[in-house]
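Per-entry structural report
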Amino acid sequence: MVEGRENNGAGKKVIVGVCVMEKKVFSAPMGQILERLQAFGEFEIIYFGDRVILEEPIERWPICDCLIAFHSSGYPLEKAEAYAALRKPFLVNELEPQHLLHDRRKVYECLEMCGIPVPRYAFVNRDKPYEELEYFVEEEDFVEVHGQRFWKPFVEKPVNGDDHRIMIYYPSSAGGGMKELFRKVGNRSSEFHPEVRRVRREGSYIYEEFMPTGGTDVKVYTVGAEYAHAEARKSPVVDGVVMRNPDGKEVRYPVLLTPNEKQMAREVCIAFRQGVCGFDLLRCEGRSYVCDVNGWSFVKNSYKYYDDAACVLRKMFLDAKAPHLSTTIPPVLPWKVNEPAQPCEGLTRQGSGIIGSFGQSEELRCVIAIIRHGDRTPKQKVKLKVTEEKLLNLMLKYNGGRPRAETKLKSAVQLQDLLDATRILVPRTRPGPGSDSEAEDIEHAEKLRQVKAVLEEGGHFSGIYRKVQLKPLKWVKVANGDTEERPIEALMVLKYGGVLTHAGRKQAEELGRYFRNNMYPGEGTGLLRLHSTYRHDLKIYSSDEGRVQMSAAAFAKGLLDLEGQLTPILVSLVSKDSSMLDGLDNASIEMEETKTRLNELITSGVKAAQANGSSKKPWMVDGAGLPLNASELLPTLVKLTKKVTEQVRLLAKDEDEKLAETTSYDVIPPYDQARALGKTNIDIDRIAAGLPCGSEGFLLMYARWRKLERDLYNERKDRYDITQIPDVYDSCKYDLLHNAHLNIDGLDEHFKVAQLLADGVIPNEYGINPMQKLKIGSKIARRLLGKILIDLRNTREEAINVAELKNQCQSLTTSIKNEKEHSDHHPKFLIKNEESRKTSFTSDKSMDQDEDDDKEIKYRLDPKYANVKTPERHVRTRLYFTSESHIHSLMNVLRYSNLDESLQGEASLICDNALERLLKTKELDYMSYIVLRMFENTEVNLEDPKRYRLEMTFSRGADLSPLEKNDTEAASLHQEHTLPIMGPERLQEVGAYLTLDKMEEMVRPFAMPAEDFPPPSIPQGFSGYFKSAGVLERLVNLWPFHKHANGNNVNK
């Protein structure tokens, strides 16, 4: 029993019984809060202890007015219920509902009954292990429960609330595999298993939609129905590494709850009749969902929370058992009597402002980067007409039996069907030189053999990298009807290649690290602290292409200092938006016209076409950048292509003779995840054996070069196809970097000729002259430009809100100071002060969800509880990963927007010096990027256009020039197969001042208007893999800071 002094003669003390297991009693939070309760002098606290709880009958348990009792391992809950029924104390947490918390099914049913949002879910109940259930179906990429389908990624939870082995299953299009979440062990909270694809069947489970939260979980802690404290932590679904401080505690950051979330906290507290209750909140696409309720939980390591919890519990106890006593909080909390008074800092900004070109204090507010994917294998395509019944039947099988409908095969099951059919159709032997077989039949068999080789490559089907289209070409009517048809010929198109290489992954990760350390001035590793404290709003978008998605995931890994496999990072952090970052359909007609004109320029002579151009501004002429001797280089390119192809043919012949000795039905090698997700390491063994790098064999390498040789020049028609020049250059560059060990004679010379032509052809494919470039660029990048303007506008609005909040805080600080000077701490103010604790010291208007659909939800750090000097600092980062076409298109709009009729007389957004450098830039290579950074000058009036300044930079990406040297650097690069990424270059003159208003004026004519974007969706759960996050994305994300940082430093 703990003794205390009498309560000012007001009567007996309120007896508080602590009937919990000793392990919980002696936890730091419990001790801190009970000490504070005792310090009020109104309570007598009695600890029951394990011996009494476990061994003594309830009649001999101490009698108390208020009871703290909750279940933990070994706790006799029924015995405690009997005691409560006998003595009838006030219960902080009622006992009977605690049984519910052990069954996740009952928890979800209770939440739904009370109207509290939960993820879409379904129960699979088994009476015995491995029981087969009619209502449960599992396919490669989904499970179906009672007709309700859950596409991967989905979550699988045991129904037993005490079983913490929760699984997340990933779709084959992201590489497949499963992540197991578990109670923290050391610094791990999850483990990725790439080989596991099928769900568990040994028990009963809940299946639910995976909610993409940007890699952050929110834990909410209630103390009574009117008080809730929330903390963000890094989600275990990302890389499973637990961030801990020097004391070994998991690092978490307090965050503000929206009004809806506060109401949800109140409803959870009431629904489960648990005064002190913890639960998990998922924030996804602007809505919040409860996914777990834990019962009694206290916040760890937060003295302000301990103060609040003690005050709230005191009020609960006095209201229940001593209503005659005042619940007003004393002017100075009893345990703070001897502490020196602390000044109220409010939201005062300190330190690390950066000094701009004009000596004015600026804050970085926004980083927008458009980034090309990393190094990849050459993209390839095989086209062949097929009449074989097996293939035509396969087409009908997957297009619903419609004879004129096209079919796309991407899934593992579909591609396996195609491989099985192709194996049967490929001839076992090749016809000899004296064979009577027609040349077309030989070519058809070769293409089938190529299809088979591609499908067998890597030993595992991943829809990211291989897809097949079957398009019907001819039909006949069937005999038994006039209307029924069946196809007799179809066009098969197999697209493959374009896989992110080990070098591409390394480049993306390195660039992410570079951004972390260089794009956020004044922050350094503080970017990770900004991120962890909800002051960094990150959103990553990717096109539909696998190499682009994996580049985005690898970049995120470097940016946020993550560990482990790319699949969980990809699914957790990257949103796919193909309509914004994929495709050239909008400009297809204009690009065809451009290619025709480009062909005329090259074949008729570039010199004549450029004769009338401006020598002062060479980028303004038709075909700028094309070599003057382009027509003479073409025959050289054809000759060198033939030379390389012949050498590869001899290598492939040797390999094919070895393959012919084995059967076509050899066992496929086991699944290798590195091949599905882009190589993680260089293929040392293959290179030592004299084989091509990666998973490409000599047969496929020969097919690649043979196709280029055929398509580049048609001997019969004496016609060049200049659209093949980029592909020839692509193959040369790939083999020069990855297959230099094969010592292909003439490859160096071939590369130089191809590069000269490609450097001229590729930029001009997006427009022969600046006006064409602007027209094509605006059509391809229209949606992306609109999204960038939305990002910038939203940042400006948010910065204005923060500035207003800061002003409100300063005014409040002043009023508090004045009131302290002119009053004697009136009780009314003290009650108000308690309320300000509950509402987390912020205004709903500025921090919580705005009613306007055009605004984003602001998830924020709670400045009241955070050990952070500058809680108002907030940086928005938007990363858009795409392909070469969108980088060129965006750059063309930025540099030529002033040529539009509506902007006549305006200077270009890009200075002449940069325009000249862009013309000389060989290419926007792998990992090239354009960055827009917006700064706010906090010393300028909010209405002044100069309050917001934009800075534009670009990088040409991976630089090939080191390979052209004959030194140790070149030798090292050849050994690693990886090229360095060039640093950023300015697009504006030093000292130039581009305002946000000017940027909007220059770009708006070419951008999709904000009103044309679809409205933010209100999702039912989250259906499908990588459902686009909508255009006005929701601010989620962020987790604990740099794992190597000194935990004693105050966050900047």
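The next point concerns the overall build of the protein. Check the secondary structure of the protein and you find 31 helices and 33 strands. Sequence separation of at least 24 residues holds for 75% of the intrachain contacts in the protein that already meet a minimum separation of 6. With the model as given, the accessible surface of the protein reaches about 45000 Å², and the carbon-plus-sulfur share is 48%.

This brings us to the packing of aromatic side chains. Per the counting criterion, the structure on display carries 25 aromatic pairs. Look at Phe-154 and Tyr-207: their rings are 5.9 Å apart centre to centre, the planes differ by 80 degrees, and that puts the pair in the edge-to-face class. With a gap of 53 residues between them, Phe-154 in strand β9 (residues 154-158) and Tyr-207 in strand β13 (residues 205-209) connect regions that are remote in the sequence. Judged by relative accessible area, Phe-154 falls into the buried class, the value being 0%. Ring centres 6.4 Å apart and planes at 45 degrees place the aromatic pair Tyr-227 and Tyr-305 in the tilted group.

Confidence in the prediction of the protein, expressed as mean pLDDT, is 81, and 79% of residues score 70 or more. Taken as a whole, residues 660-678 scores under 50 in pLDDT and shows 42 contacts with residues more than four places along the chain or in a different chain.

The N-to-C vectors of helix α13 (residues 546-559) and helix α14 (residues 566-573) enclose an angle of 95 degrees; their axes lie 9 Å apart at closest approach. In terms of their interaxial angle, α13 and α14 are classed as roughly perpendicular. Contacts from Gln-549, Met-550, Ala-553, Ala-554, Ala-556 and Lys-557 in α13 reach Leu-566, Ile-569, Leu-570 and Leu-573 in α14. Classifying every residue of the contact of α13 with α14 gives 8 nonpolar, 1 polar and 1 charged.

Turning our eyes to something else, we now look at the nonpolar core. With 49 residues, the main nonpolar core has Ile-602, Leu-637, Ile-725 and Leu-757 as its most contacted residues. Within the residue set of this core, elements represented by two or more residues are α16 (588-604), α18 (630-660), α21 (698-712), α22 (725-738), α23 (747-764) and α24 (770-780). In terms of residues, this core owes the most to one element, α18, which gives 9 residues. When residues no more than four places from it in sequence are discounted, the contact partners of Ile-725 are Leu-634, Leu-637, Leu-712, Ala-754, Leu-757, Ala-758 and Val-761.

It is worth spelling out helix α6 (residues 259-271) at this point. Given a rise of 1.5 Å per residue, 13 residues ought to cover 18 Å, and the 18 Å separating the end C-alpha atoms of α6 matches this to within 8%. Those residues of α6 that fall on the buried side of the exposure criterion are Glu-261, Met-264, Ala-265, Val-268, Cys-269 and Ala-271. Residues of α6 that are buried sit in contact with α5 (104-113), β14 (216-223), β15 (228-234), β17 (276-284) and β18 (287-295). Remark: Arg-273 follows α6 within two positions and exhibits a positive phi of approximately 50 degrees.

What counts as what
- Residues numbered from 1 in each chain as written.
- Predicted model: local features only at pLDDT ≥ 70, side-chain atom pairs only at ≥ 80, totals over all residues.
- Heavy atoms only, no water.
- Helix = DSSP H or I, 4+ residues; strand = E, 2+ residues; numbered from the N terminus.
- Contact = heavy atoms within 4.5 Å.
- Areas by Shrake-Rupley, 256 points an atom, 1.4 Å probe, with all protein chains shown as cover.
- Phe/Tyr/Trp six-rings, centres within 6.5 Å; stacked < 30°, edge-to-face > 60°.
- Buried < 20%, exposed > 50% of the residue type's maximum accessible area, 1.4 Å probe, protein only.
- pLDDT = per-residue confidence, 0-100.
- Axes fitted to C-alpha atoms, helices over the stretch in contact; angles between N-to-C directions.
- Parallel < 35°, antiparallel > 145°, perpendicular 65-115°, else oblique.
- Nonpolar A, V, L, I, M, F, W, Y, C, P; charged D, E, K, R; others polar.
- Core = buried A, V, L, I, M, F, W, Y, C linked by side-chain atoms within 4.5 Å.
- Expected span 1.5 Å × (residues − 1).

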